[in-house]
Amino acid sequence: MSIISWALDFLDRMEATESELSASWKFCLTKLGQLVIFGHMRDDVAILFQDHCWDLFAFDPQKKLMIPKTERSATELEQTFKTALDRLSEADKSRWGNKKPKHDADNLSPVLGAPIPFSMPSDLVSLLGLVTSGAHLNVFHGQGGRMKIWLMRRGPSMSSYPNTYDQLVVGGTEPSKDADGGATIRREASEEIENWEAKLPRWRETMVTPASTLQYHFVNPSKVQPLPKPHMRGMYEPGIRYVF
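Scope of this entry: the structure provided in the associated data block. Remember, it's a predicted structure, so these values are computed and weren't measured experimentally.

### Details of the overall build of the protein
No. 1: From N to C terminus, the protein includes eight helices and 14 strands.
No. 2: Sequence separation of at least 24 residues holds for 58% of the intrachain contacts in the protein that already meet a minimum separation of 6.

### Looking at the sheet that holds strand S13 (residues 212-219)
No. 1: The sheet built from four strands is open, its strands ordered S12-S7-S14-S13 with mixed pairing. Edge positions in the open sheet fall to strand S12 (169-172) and S13, since each of these has one partner strand only. Across the sheet, the mean angle separating the axes of adjacent strands is 20 degrees when strand polarity is ignored.
No. 2: Pairing of strand S7 (residues 132-137) with strand S14 (residues 236-243) involves five bridges; the strand directions are parallel. Pairing of serine 133 across the sheet is with isoleucine 240, part of S14.

### Focus on unusual backbone geometry
No. 1: The phi dihedral of leucine 32 is positive, around 55 degrees, even though this residue is not glycine.
No. 2: A residue is classified by how much of its surface remains accessible, and leucine 32, at 84% relative accessible area, is exposed.

### Regarding the pairing of strand S1 (residues 25-31)
No. 1: Counting buried positions along S1 gives five out of seven residues, so the element sits mostly inside the fold.
No. 2: Sheet analysis places S1 next to strand S2 (residues 34-41), joined by seven bridges and oriented antiparallel. Across the sheet, the residue bridging to lysine 31 is glutamine 34, located in S2.
No. 3: Between S1 and S2, which pair antiparallel one after the other, the connecting turn spans two residues, and leucine 32 there sits at a positive phi close to 55 degrees.

### Some thoughts on a nonpolar patch on the surface
No. 1: Where nonpolar side chains cluster on the molecular surface, the patch consists of Phe140, Met147, Ile149, Leu151 and Tyr165 and spans about 530 Å² of accessible area.
No. 2: The class of methionine 147 is partly exposed, set by a relative accessible area of 42%.

### What to know about the nonpolar core
No. 1: Core analysis: the biggest nonpolar cluster contains 29 residues, and Phe27, Phe49, Phe81, Met120 and Leu128 have the highest contact counts within it.
No. 2: Only S1, S2, helix H3 (43-52), helix H4 (74-91) and helix H5 (122-128) provide two or more residues apiece to this core.
No. 3: Once you skip the residues sitting within four places of it in the chain, methionine 120 turns out to touch Phe27, Phe81, Asn107, Leu108, Ser109, Val111, Val125, Leu128 and Leu130.
No. 4: One finds Leu112, Val139, Leu168 and Tyr242 within the second-largest nonpolar core, a separate group that totals 14 residues.

### What about the packing of H3 against H4?
Working note: a packed helix pair is described by the angle between its axes plus the distance between those axes.
No. 1: Where H3 meets H4, the closest approach of the two axes is 10 Å, and the angle between their N-to-C directions is 105 degrees. Of the possible angle classes, the one that applies to H3 and H4 is roughly perpendicular. From H3, Leu48, Phe49 and His52 reach across to H4, where they touch Ala84, Arg87, Leu88 and Ala91.
No. 2: Of the residues contributing to the contact of H3 with H4, the split by class is five nonpolar, one polar and one charged.

### Looking at the pattern of salt bridges
No. 1: A complete count under the given rule lists nine salt bridges for this structure.
No. 2: For arginine 87, the salt bridge goes to aspartate 55, with nearest N and O atoms at 2.6 Å. Pair noted here: arginine 87 is in helix H4 and aspartate 55 is in the loop between H3 and strand S3 (57-60), with a separation of 32 residues, a long-range link.
No. 3: Arginine 87 sits in the partly exposed class, given a relative accessible area of 28%.
No. 4: Under the relative-accessibility criterion, aspartate 55 is labelled partly exposed at 31%.
No. 5: When the shortest N-O distance is used, the salt bridge between aspartate 92 and arginine 95 registers 3.0 Å.

Conventions and cut-offs
Residues numbered from 1 in each chain as written. Predicted model: local features only at pLDDT ≥ 70, side-chain atom pairs only at ≥ 80, totals over all residues. Heavy atoms only, no water. Helix = DSSP H or I, 4+ residues; strand = E, 2+ residues; numbered from the N terminus. Contact = heavy atoms within 4.5 Å. Pairing = 2+ DSSP bridges. Axes fitted to C-alpha atoms, helices over the stretch in contact; angles between N-to-C directions. Buried < 20%, exposed > 50% of the residue type's maximum accessible area, 1.4 Å probe, protein only. Patch = residues over 30% accessible without salt bridge, like charges linked within 9 Å, V, L, I, M, F, W, Y side chains within 5 Å. Areas by Shrake-Rupley, 256 points an atom, 1.4 Å probe, with all protein chains shown as cover. Salt bridge = Lys/Arg side-chain N within 4 Å of Asp/Glu carboxyl O. Core = buried A, V, L, I, M, F, W, Y, C linked by side-chain atoms within 4.5 Å. Parallel < 35°, antiparallel > 145°, perpendicular 65-115°, else oblique. Nonpolar A, V, L, I, M, F, W, Y, C, P; charged D, E, K, R; others polar.

Without other data, these values stay purely geometric and don't point to any function.
Here's what the structure looks like:
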């Protein structure tokens, strides 16, 4: 199943099984004349959009739906969300740690399964509860009780989860670049590990088919340490992760 198919199937099952989500605000796009749910928002986020982006989105308070007013092209959709991020960040600076969020090419995320493929600022993905997709590479040697796994530690200046352990290679899948999770790992490894093919000699065997595929939905922590980025705290996060 493709990354996009996984994402849309996951959203359908989330809506059907999670009572909390069924009562949440939904971010929708129009697909073949029908509204399709692409994300779940908390009430305070929906109010923020209504107060500051009333001219960019249509709102249905009864059904708790939010839909872009313009969906004619990727360019128009992307501009809608860039404008929305600028307004929201100015209206609620503390949500982004009083730092102005960016929406340049390096800070955009694809909206998986969108009828018109487009990307939105990554800082809005958490607010809208969109499905994210990524791949994780775990490297180990030895067997049984003597098995050792390689980890890397995130830097102390990282904006989310500083000083915590992480997989050796991890990254978000990009449908425009990655055919599957293995392609994501190969791309990320080439960016993060010098001469990575020599250091990971079994990559041809292990980076083709994931050992497992995880699907999860949770609410980002707001009171434990270390904390995620301020704008992520307390937000819905559905995700798909390919594990190698």
